[in-house]
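Here are the chains, one letter per residue:
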Amino acid sequence: MTPQERYPNKSMRRVPRLLPLAPAVLAALWLLATGPPAAADEALRITSTITYDVKTASGPVRVAWDVTIANHDPATSPSGSGTLSYYYTVNLPVIRGAANASATDENGVPLEVGIEDVEGGVAQRAAVGFADPLYYQETYAFRLLYELPNVRSEGILITPTYAYLPLITAGDESTVIVNTPAGAPWEVTLESAECPQNGNTFTCAGPGGAYVAATVEVTQPAATASTSFSVELQGKTVQIEQTHLAGEEAAAAHQRELIAAALPLIEASYGVTYDGPETVSISQGGRQAVLGYEGLATCAADECEVVLSPVADDYTVVHEITHLWSGIYGRRWLAEGFADLIAHQVIPQLPAGLFQGPIMDRPPANAALQLDDWGSPENIVGAGEEELAIIEAGYDYSLRFLQLLAANHGADTLRKVNQAIAADPSPADSRRFMDLMEGATGADLDEEFLIWVFPDSYRPILATRRNAINRLDELKSRLAAEGLPEAPLDNIRSRIGAWQFDEALAAIDTIEANIDTYAELHAELNTIERDASAAGLAMPTDISDALNRFDFNAARNLIESSRLAVESYRAARSKVEAPRSLWERFGLLGNDPDDALADAKAAFERGQFTPSAELSADAADAIDGASATAFRRLLGAAALMALLAALIAAAFVYTRWRERRLAA
């Protein structure tokens with residue numbers, strides 16, 4: 001049975017790359033340049049309408065900004081003497097990769113446009129210069145146009161058959177309109193972010209704010225290409241069937257190289273031989289296919305499928321293929337936490353230059369979540385902030401907790417725990433993982449698991465568990481001090497392993513209350529075992545089993561009957577093995593006491609003590625009665641000979657009488 005049979009695993013990762021689009025970041029991209037130092041968002045009112053045409057026609061994505069700026073800054077009044085101040089340019093956020101930018105004002109006058117790069121994130125800065133100065137109580141309107149040809153950047157991907165991008169806007173009042181293809185062969189996913197949605201329109205408002213109104217994905221799912229390659233692992237050769245979107249050949253080739261290098265390292269880091277299907281499908285799919293995450297891994301007994309968003313980075317690829325081992329876990333936090341932990345261990349071991357992009361380093365989450373309460377993955381397309389915050393917390397907390405355990409107890413300890421989990425036919429839940437971690441380290445991990453994993457309602461449960469474990473250790477020491485075996489503790493260990501602590505404590509109470517009786521009967525059993533061994537008998541486990549169950553009545557009865565059986569067998573054996581006279585051997589003809597003694601031995605070793613004693617007695621009786629049996633046999637033989645002689649005499653007389661009669 002493979003781990004995937006035991007636990008069909010569905011693991012996902014949320015797209016994390018929209019984080020740089022937060023308003024605080026975007027706000028830095030659009031600033032009005034002016035003479036006076038007055039704050040622009042207090043002095044100016046900006047309204048905008050941004051139209052995104054995404055795959056409505058062949059060619060690039062097209063974006064149009066229609067902007068109106070109203071100047072309410074009295075410091076820029078054209079009257080008076082001295083130096084005049086006015087506004088003469090505006091910076092707007094455009095999507096990274098913007099090309100062919102142009103602008104005209106409301107009078108059709110061409111404006112200067114410069115695209116400036118900004119480190120990190122998905123946006124660049126477009127500086128639009130005005131044709132005329134903008135003074136106090138004046139308005140200025142213009143249109144900015146730009147295109148997005150084939151673009152591959154963090155959080156953005158535009159190819160002939162696919163587009164994924166954020167819809168960025170800015171202004172005190174802003175409207176975003178997104179136009180997408182209607183119907184086949186295209187599929188469209190439109191997800192609202194920071195602005196209310198009405199169909200394909202989003203409205204945003206705030207004091208000079210910048211927003212991610214939504215994200216849009218437009219894809220042709222049928223436009224794909226396929227290839228295959230194999231990877232040698234310890235247990236088997238895995239065939240990878242790779243499907244990618246048309247035009248993504250270079251990205252697919254890079255992923256093949258990454259997957260082939262990472263899989264053996266992942267297997268070694270887990271410490272568990274891959275035992276899943278020999279064929280694994282890895283494909284690219286849109287937001288709906290990955291349920292709103294960057295990747296989705298689903299493994300069962302006979303198939304394993306990994307679906308990657310076309311915008312998935314190298315870290316996501318490594319994370320998702322680690323889920324080929326996640327079937328050994330029965331909790332989401334274990335599957336996701338180990339996928340991240342193993343990815344962090346494997347990536348530095350990859351060939352230099354192969355891994356592209358950063359290793360995932362999430363900002364600390366602050367949502368209230370105990371890891372054991374983290375539910376199964378669901379479709380998060382269009383999910384709200386609360387739901388997304390819980391998901392981010394699940395990923396963050398699970399990785400941080402496992403990193404804490406690795407730091408305190410060693411990565412090799414986690415590897416050994418994974419090996420123990422894989423050896424069990426059932427996937428490990430949080431309880432089993434805690435048991436194995438404490439068993440591997442000898443540490444008390446109650447507080448750590450209460451902080452990270454279990455809800456506060458588990459506090460009394462863990463207290464009872466700790467009491468049962470401590471009392472078991474004390475009882476083990478007492479048995480050792482009195483020279484008694486630990487076998488009676490096996491049932492208690494089983495109860496504790498099943499988290500049946502009340503039953504375990506009751507069993508401990510029973511053993512502690514009857515340990516003297518147990519010791520007495522165990523001493524008797526030891527004596528009988530020595531006697532049986534000296535007699536050539538193997539002691540069955542019936543008595544020790546009854547003792548370990550603390551079934552003392554049964555143990556006493558078995559001890560008594562086994563003692564009688566040993567004595568009977570020993571006595572019979574001494575007689576059977578003693579030298580026999582010819583006379584005794586004559587008496588034993590057709591009645592071999594060795595067979596009866598062998599039957600007695602077999603019955604004893606099956607735990608059938610009374611029948612064994614009876615068979616031993618039969619063997620002894622056969623020896624004891626051999627002389628009498630021989631005498632009876634001799635008398636019988638003499639009587640037979642006399643009868644035979646009489647018959648012969650009678651025959652002779654008859655013959656003579658018949659001869660005389662015939663002669664007459």
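Computed from a prediction, not measured in an experiment: that's the story for all the values here.

K.L.:
Mind laying out the overall build of the protein, listing which residues take part and the relevant values?
P.N.:
Along the backbone of the protein there are 20 helices and 21 strands. Out of the 664 residues in the protein, the part that is buried amounts to 47%. For the protein, contacts bridging at least 24 residues in sequence account for 73% of all contacts bridging at least 6. Accessible surface, the protein as shown: approximately 30,200 Å² in total, 52% of it carbon and sulfur.

K.L.:
Which residues make up unusual backbone geometry, and what values go with them?
P.N.:
Of note, the amide linkage connecting Ala184 to Pro185 takes the cis form, showing an omega dihedral of 5°. For Pro185, the location among the structural elements is in the loop between strand E13 (162-179) and strand E14 (187-192). Its identity is not glycine, yet Gln137 carries a phi of approximately 65°, on the positive side. Residue position: Gln137 is located in the loop between strand E9 (123-134) and strand E10 (139-148). Overall, the relative accessible area of 62% leaves Gln137 in the exposed class. Of note, the phi angle at Trp499 is positive, near 55°, even though the residue is not glycine. Relative to the helices and strands, Trp499 is located in the loop between helix H12 (489-497) and helix H13 (501-513).

K.L.:
Please provide a residue-by-residue account of the state of the cysteines, values included.
P.N.:
Using the criterion set out here, one finds two disulfides in the structure. Two residues, Cys195 and Cys204, share a disulfide whose sulfurs are 1.9 Å apart. Sign of the S-S torsion, about 115° for the bond between Cys195 and Cys204, identifies this disulfide as right-handed. You'll find Cys195 and Cys204 in the same group, each marked buried. Here Cys299 is linked by a disulfide to Cys304, with a sulfur-sulfur distance of 1.8 Å. For Cys304, a relative accessible area of 3% puts it in the buried group.

K.L.:
Give a description of the packing of aromatic side chains that names residues and reports values.
P.N.:
Inspection of every chain in the model, using the stated rule, returns 24 aromatic pairs. Ring geometry for Tyr270 and Trp325: centres 5.8 Å apart, planes at 20°, overall stacked. Of this pair, Tyr270 sits in helix H4 (residues 249-270) while Trp325 sits in the loop between helix H5 (314-322) and helix H6 (332-346), and the two are 55 residues apart along the sequence. The exposure class of Trp325 is buried, given its relative accessible area of 4%. Their ring planes at 75° and their centres at 6.3 Å tell us that Tyr397 and Trp452 sit as a pair that is edge-to-face. Residue Tyr397 is located in helix H7 (residues 385-409), and its partner Trp452 is located in helix H10 (residues 446-452); the two are separated by 55 residues in the primary sequence. Across the pair, Trp452 and Tyr397 agree in class, each one buried.

K.L.:
Give a detailed account of a nonpolar patch on the surface, specifying residues and quantitative values.
P.N.:
Taken together, Leu84, Tyr86 and Tyr88 make up a surface patch of nonpolar side chains, about 270 Å² in accessible area. Within the secondary structure, Leu84 is located in the loop between strand E4 (61-71) and strand E5 (87-95).

K.L.:
Describe the pattern of salt bridges, listing the residues and the values that go with them.
P.N.:
Counted under the stated rule, the structure contains 29 salt bridges. With a closest N to O distance of 3.5 Å, Asp412 and Lys416 form a salt bridge. Here Lys416 and Asp412 lie together in helix H8 (residues 411-423), a separation of four residues that amounts to about one turn. Across the pair Arg465 and Glu438 runs a salt bridge whose closest N-O atoms are separated by 2.8 Å. Of this pair, Arg465 sits in helix H11 (residues 459-481) while Glu438 is found in helix H9 (residues 430-441), placing the two residues 27 residues apart along the sequence. Judged by relative accessible area, Glu438 falls into the buried class, the value being 8%. Linked through salt bridges whose partners overlap, the residues forming this network are Asp435, Glu438, Asp444, Asp446, Arg465 and Arg466.

K.L.:
I'd like a description of the confidence of the model for the protein, backed by residues and values.
P.N.:
For the protein, per-residue confidence averages 85 on the pLDDT scale, and 85% of positions sit at 70 or higher. Counting contacts from residues 1-41, a segment whose pLDDT is below 50, to residues more than four positions away or on other chains yields 153 contacts. Contacts from residues 625-631, a stretch scored under 50 in pLDDT, to residues over four places away or in other chains number ten contacts.

K.L.:
With reference to specific residues and values, describe the environment of Asp435.
P.N.:
Position of Asp435 relative to the elements: it lies in helix H9. Owing to a relative accessible area of 16%, Asp435 belongs among the buried residues under this scheme. In this structure Asp435 touches Arg465, Gly497 and Trp499, once residues within four positions along its chain are discounted.

K.L.:
Got a sec to walk through the pairing of strand E12 (residues 156-159)? Specific residues and values, please.
P.N.:
Going residue by residue along E12, you find Ile156 and Ile158 tucked away on one face and Leu157 and Thr159 tucked away on the opposite face as well. Sheet analysis places strand E11 (residues 151-153) next to E12, joined by three bridges and oriented antiparallel. Across the sheet, the residue bridging to Ser153 is Ile156, located in E12. Both E12 and E13 contribute to a ladder of three bridges, which runs antiparallel. Bridge assignment links Leu157 to a residue of E13, and that residue is Tyr164. With antiparallel pairing between neighbouring strands as the criterion, E12 and E13 make up a hairpin whose turn holds two residues.

K.L.:
So what about the packing of H8 against H9? Which residues, and what values?
P.N.:
Two quantities define a packed helix pair, namely the angle between the axes and the distance from one axis to the other. At a minimum axis separation of 10 Å, H8 and H9 run at an interaxial angle of 130°. As the angle between them shows, H8 and H9 are arranged oblique. Handedness of the crossing formed by H8 with H9: right-handed. Together, Thr413, Leu414, Val417, Ala420 and Ile421 of H8 and Phe433, Leu436, Met437, Ala440 and Thr441 of H9 make up the contact between the two elements. Each residue belonging to the contact of H8 with H9 can be placed in one class, and the counts come to eight nonpolar, two polar and no charged.

K.L.:
Lay out the packing of H11 against H13 with the relevant residues and their values.
P.N.:
For the pair H11 and H13, interaxial distance at closest approach is 9 Å and the crossing angle is 25°. When the axes of H11 and H13 are compared, the pair comes out roughly parallel. Note on packing geometry: the crossing formed by H11 with H13 is left-handed. Between H11 and H13, the residues in contact are Ile461, Thr464, Arg465, Asn467, Ala468, Arg471, Leu472, Leu475 and Arg478 and Phe501, Asp502, Leu505, Ile508, Asp509, Ile511 and Glu512, respectively. Within the contact of H11 with H13, the residues separate by chemical class into eight nonpolar, two polar and six charged.

Reading the values: the criteria
Residues numbered from 1 in each chain as written. Predicted model: local features only at pLDDT ≥ 70, side-chain atom pairs only at ≥ 80, totals over all residues. Heavy atoms only, no water. Helix = DSSP H or I, 4+ residues; strand = E, 2+ residues; numbered from the N terminus. Buried < 20%, exposed > 50% of the residue type's maximum accessible area, 1.4 Å probe, protein only. Contact = heavy atoms within 4.5 Å. Areas by Shrake-Rupley, 256 points an atom, 1.4 Å probe, with all protein chains shown as cover. Disulfide = S-S within 2.5 Å. Phe/Tyr/Trp six-rings, centres within 6.5 Å; stacked < 30°, edge-to-face > 60°. Patch = residues over 30% accessible without salt bridge, like charges linked within 9 Å, V, L, I, M, F, W, Y side chains within 5 Å. Salt bridge = Lys/Arg side-chain N within 4 Å of Asp/Glu carboxyl O. pLDDT = per-residue confidence, 0-100. Pairing = 2+ DSSP bridges. Axes fitted to C-alpha atoms, helices over the stretch in contact; angles between N-to-C directions. Parallel < 35°, antiparallel > 145°, perpendicular 65-115°, else oblique. Left-handed = near helix turned anticlockwise from the far one by under 90°. Nonpolar A, V, L, I, M, F, W, Y, C, P; charged D, E, K, R; others polar.

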